[in-house]
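Here is how the chains run, residue by residue.
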Number of protein chains: 2
Amino acid sequence: MAANINGQSLIFNNRPGILGYGIIAGPAEGKGLLGNKFDLIYEDARCGEKTWELGEMKMVKKAIDYSLSRANVDRNDINILLGGDLLNQIIVSNFTARSFSIPFLGLYGACSTFIEVLLVGSLLVDGKYADKILGYSSSHYQTAERQFRTPLEYGDQYPPTKQWTITGAGAYVMAENGGEVVITHATIGKVIDLGVNDSNDMGSAMAPAAADTILQHFSDLQRGPQDYDLIITGDLGRVGRDVLNTLLQEKNCDISEKLKDCGAIILNDEKKYGSGGSGCAASALGIGSVFIPELIAGNINRILVVGTGALMSPLTLNQNETIPAIAHAVVIERS
Amino acid sequence: MAANINGQSLIFNNRPGILGYGIIAGPAEGKGLLGNKFDLIYEDARCGEKTWELGEMKMVKKAIDYSLSRANVDRNDINILLGGDLLNQIIVSNFTARSFSIPFLGLYGACSTFIEVLLVGSLLVDGKYADKILGYSSSHYQTAERQFRTPLEYGDQYPPTKQWTITGAGAYVMAENGGEVVITHATIGKVIDLGVNDSNDMGSAMAPAAADTILQHFSDLQRGPQDYDLIITGDLGRVGRDVLNTLLQEKNCDISEKLKDCGAIILNDEKKYGSGGSGCAASALGIGSVFIPELIAGNINRILVVGTGALMSPLTLNQNETIPAIAHAVVIERS
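Residues numbered from 1 in each chain as written. Chains lettered and ligands numbered in written order. Predicted model: local features only at pLDDT ≥ 70, side-chain atom pairs only at ≥ 80, totals over all residues. Heavy atoms only, no water.

**Student:** What is the right way to read the overall build of chain A from this model?
**Tutor:** The secondary structure content of chain A amounts to eleven helices and 15 strands. Here the C-alpha radius of gyration of chain A, 18 Å, is about what a compact globule of 335 residues would show, namely 20 Å. Overall, chain A is about 50 × 50 × 35 Å in size when its C-alpha atoms are taken along their principal axes. Within chain A, the proportion of its 335 residues that are buried is 68%. Taking contacts inside chain A between residues at least 6 apart in sequence as the whole, the part at least 24 apart equals 78%. Side chains of chain A carry 27 positive and 37 negative charges; the gap between the two charge centres is 4 Å. (Helix = DSSP H or I, 4+ residues; strand = E, 2+ residues; numbered from the N terminus. Rg over C-alpha atoms; globule rule 2.2 N^0.38 Å. Buried < 20%, exposed > 50% of the residue type's maximum accessible area, 1.4 Å probe, protein only. Contact = heavy atoms within 4.5 Å. Lys, Arg positive; Asp, Glu negative; His and termini not counted. Charge placed at Lys NZ, Arg CZ, Asp CG, Glu CD.)

Quick look at the structure:
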C-alpha cells in the first residue's frame, strides 16, 4: 500500500494548515443563530447585482477577500485555486476564477464539494505541489431552487423533511506552515445509493453515505468517537442527522453526543426552513463561524468534519432514478 | 517554492504510469478515420438502454472493463476512482461510481475534464496517496446537444465553426510502477476569457486558454516545441487549432508542424461535423487510439497533451455572459 493512504483515508504527515478564511452569508442566514459570527451579511440575495447568479459570484469574491486578509496572504502568492458549487457546469466557481490570474481546478461533489476542496487542497500542500492554496465553495437558495426544484414563483409547499439551500460562500487559504489549525487526515467517500428517491428528503438519502465514511474512517485509522471532541456533518439537517445516529447505532457506534450538523445550526427555525439548511456553503460557514474559532480558543482539540452530497440531477429524477450520495471527511485539529 | 511545482507546472518525480486504458466510441466516431482503433463501437447511441444518458453510462462501464483488463488489474485493487463529464451534476460519472465500492472524487473542467483526471490521478500516485487510480471521462452527442443547445428534433443549422460532441468514453488505470508510458509533468491552466460569446464557435473561445497554458508550460520547464514529438489538443477543432497556431506565432512560438487535434482527427468530415469533434471523450479516445500506441511502438518519445474546456452554461449564455475557457496539460512519455 502507498505510504500516505490507509483504506480510504489519506494521511497528511506535513499537516497542512488553514491560514485564514472568509465566510459570507445571505439574509436568512444572517438572521439565524450564527448571524453575528459571519464576516459579512448581504440583506439582498442579489448583493446589488442584476441576477442571483451574479450575487452568488459576488459573495465568493468577498469571501476570497476576507480569507486573504485574515490569512495575511497576497493573492499573487496563491499557487492554485480550487472551487466548486451546485450550479450546472459549476459556473459560480469558474466565473469567479476568471477574475484571477491563478491556475484553477474545478471540483464537483454536490453539497460535499467544500470538503472535497479541503481534501484536494491538503493533498496539494502536503505533497509539496503548492505553497499556498485558495479553496472556495458556495450555494444560494434562489439559484439552486430554480435549478433543482421549481421556480420560486410557483410557491412549492415545504414538507418537514425538506431543506433550505444556504445562501453564502466560504473561502479558505491553506499552506504548509503557519496555521493555528491543521488538517491531518481525510477520508474519501464511496458513492452509496440505498434507493431513496424523494428529492424533498435529501437528509435520508445522504445519511447512509455519511455513516459509511465515518465507519470507514474509524476503521482505517483505528479510531472511534472518543478520539474526537465533535463530529460535524455539513448539511444532513435534523432528519438526516437522526437517520445517521440510528444507522451508526445499528453498527454499535454511538456518536450522538458528539454530532452537530451545520445546516441545522445555521437555519434552525423548523417552520420556515424544514429540516434545516443545505448546500456547499453549510459546512464552509459552519466550521468557519463556530468550530475553527473553538479550536483556536482551545475549547476543543480535534474534530471530524463530514461533508455529504446528493448526486442526482433534475434529469435523473425525471428519469425515475434513485438518489446516489457521497460523503468525504477531513480531520481538523489544533496545530 | 514547494519542491514539486514550478510556476503553474507540477513535477511528478515518481513518474506515474498508465497501465492500461479502454476506449469506447459511438456510431459516428466508429465510421471515422480511427474507427478500427477503438476497443468497442456502439452502432446505437443508446447502447440498447432506454435513454441516451443510460447509454453514456454503459459506455463508461465498458471503458472501465477494457481498461482493467488491458492493465491486468483487479477492480478491488483500485484505491480511488476519478471521473467527470459534461452533464449537469456530472451524473454520468457519479452514477457510474455507484456500481463500484471504491472511493470517488468528482471533477469538472468541461471538455478539459479528461486531462484534469490524468492530472489529479498523477498527483495521487506520485505523492503516494494511492497505488492504483482509475480515471474516466465521457461525452455524448445526444445527451450534450439537448442540454447545451436545442432538442435534436429542432433541427438546428450547422455553421462551419460548430463542433459535434464526440460520443464515447475513456477509462485509464494509473499506478506508480509498470506502465509502458508515464506522466512526468502537468500544467494547471488559468481561466481565460477574451470575450467570445458565440456558443457555435467554442474553438475560438478555447484557443487563447490553450495558448496561455502551452506558453506557461514551456516557460516553467524551460522547454519549447523542440522538446516534444507532438503537441496534441483535445477538441479545438480545425477552427480553434488554426487560431491557436496564430496566437502562438504572434508570441514567436511555432508549434504548427507538431500540432494535432483529437476532435478534428476523430470526426474529419467537415460537411457533416463542422469544425470537428468536441467533448471530454475527444482527448480520451484520441490519445488511447493513436498517440499512446505510437509511444509504445517507439515511433515517438514524448508528447504534450492539452485539454481545453469552455466553462459556460446555457444559463450564462442566456444572461449574455461571454465564454471563459481553461486548458490543462500533461506530458506523456515512454517509460
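**Student:** When you look at the environment of S67(B) in this model, what are you seeing that I'm missing?
**Tutor:** Residues and elements named next belong to chain B. Along the polypeptide, S67 turns up in helix α2 (residues 52–71). Residue classification places S67 among the buried positions, given a relative accessible area of 0%. It is 8.5 Å that separates the C-alpha atoms of S67 and L134, two residues lying 67 residues apart in sequence. Sequence-distant contacts of S67, defined by excluding residues within four places in its chain, comprise G20, Y21, G22, L134, A171, Y172 and V173.

**Student:** Would you take a moment to explain the relation of the copies chain A and chain B for this structure?
**Tutor:** Two copies of a chain can be linked by a rotation about an axis combined with a shift along that same axis. For the pair chain A and chain B, the relating rotation is 180°, the translation along its axis is 0.0 Å, and the fit reaches an RMSD of 0.0 Å. Such values leave the two copies arranged in the relation of a two-fold axis. (Least-squares fit on C-alpha atoms with pLDDT ≥ 70 in both.)

**Student:** Help me understand the pairing of strand β11 (residues 230–233) of chain A in this model?
**Tutor:** One face of the sheet, then the other: side chains in a regular strand alternate in exactly this way. Residues and elements named next belong to chain A. Of the two faces of β11, the one holding L230 and I232 and the one holding I231 and T233 are both buried throughout. Across four bridges, the pairing between β11 and strand β14 (residues 302–310) is parallel. Bridge pairing in β14 links L230 to I303. With three bridges connecting them, β11 and strand β12 (residues 259–261) associate as parallel partners. (Pairing = 2+ DSSP bridges.)

**Student:** Would you take a moment to explain the environment of N268(B) for this structure?
**Tutor:** Residues and elements named next belong to chain B. With respect to the helices and strands, N268 occurs in the loop between α8 (262–266) and α9 (270–273). Spatially, the C-alpha atom of N268 lies 22 Å from that of L304, the residues being 36 residues apart in sequence. In this view, N268 contacts L33 and R238; residues no more than four positions away in its chain are not counted.

**Student:** Just to check I follow, could you spell out the pattern of salt bridges for this structure?
**Tutor:** Think of it this way: side chains of opposite charge can pair up when their charged atoms draw near. Residue and element names in this part refer to chain A. Here the structure, examined in full by the defined rule, presents 28 salt bridges over all chains. A salt bridge links R146 to E53, with the shortest nitrogen-to-oxygen separation between them at 2.7 Å. Pair noted here: R146 is in helix α5 (residues 141–148) and E53 is in helix α2 (residues 52–71), with a separation of 93 residues, a long-range link. When its relative accessible area of 1% is taken as the criterion, E53 is described as buried. Notably, a salt bridge pairs R241 with D242, separated by 3.6 Å at the nearest N-O pair. (Salt bridge = Lys/Arg side-chain N within 4 Å of Asp/Glu carboxyl O.)

**Student:** Looking at this structure, how should I read the side chain of Q147(B)?
**Tutor:** Within the secondary structure, Q147(B) is located in helix α5 (residues 141–148). Of the polar contacts made by the side chain of Q147(B), one reaches the backbone nitrogen of N88(B); its length is 2.9 Å. Not counting residues up to four positions away in its chain, the partners in contact with Q147(B) are Q89(A), L86(B), L87(B), N88(B) and P314(B). (Polar contact = N/O pair within 3.5 Å; in protein donor to acceptor, adjacent residues only side chain to side chain.)

**Student:** How do you make sense of the interface of chain A and chain B when you look at a structure like this?
**Tutor:** A common way to express how large an interface is: the accessible area buried when the components associate. Contacts between the two partners involve 62 residues from chain A, matched on the other side by 62 residues from chain B. Applying the counting rule to chain A against chain B returns four salt bridges. Its salt-bridge partner being R98(B), residue E321(A) comes within 2.9 Å of it at the nearest N-O pair. Inspection of the region where chain A meets chain B yields 27 residue pairs in polar contact (both at pLDDT 80 or more). Elements supplying a minimum of two residues to the side of chain A that touches chain B: β2 (9–11), α2, α3 (91–97), β6 (104–106), α4 (113–126), α5, α11 (314–318) and β15 (325–334) of chain A. When residues in the side of chain A that touches chain B are grouped by element, the largest group, five residues, is from α4(A). Broken down by class, the residue content of the side of chain A that touches chain B amounts to 35 nonpolar, 17 polar and ten charged. (Nonpolar A, V, L, I, M, F, W, Y, C, P; charged D, E, K, R; others polar.)

**Student:** Even after reading the chapter, I still don't get the packing of aromatic side chains, so can you show me in this structure?
**Tutor:** Each pair of aromatic rings is reported with the distance of its centres and the angle of its planes. Going through the model one piece at a time under the given rule, you end up with 14 aromatic pairs over all chains. Judged by centre distance (3.7 Å) and plane angle (0°), the rings of Y141(A) and W164(A) are stacked. With Y141(A) in helix α5 and W164(A) in strand β8 (residues 163–165), the pair connects residues that are 23 residues apart, well separated along the chain. This pair shows no difference in class: Y141(A) is buried, exactly as W164(A) is. On the numbers, 4.9 Å between centres and 75° between planes, the contact of W164(B) with Y273(B) is edge-to-face. Of the two residues, W164(B) is situated in strand β8 (residues 163–165) and Y273(B) in helix α9; the sequence distance between them amounts to 109 residues. Of the two residues, W164(B) and Y273(B), both sit in the buried class. (Phe/Tyr/Trp six-rings, centres within 6.5 Å; stacked < 30°, edge-to-face > 60°.)

Everything listed here is a matter of coordinates, which is why it stays silent on function.
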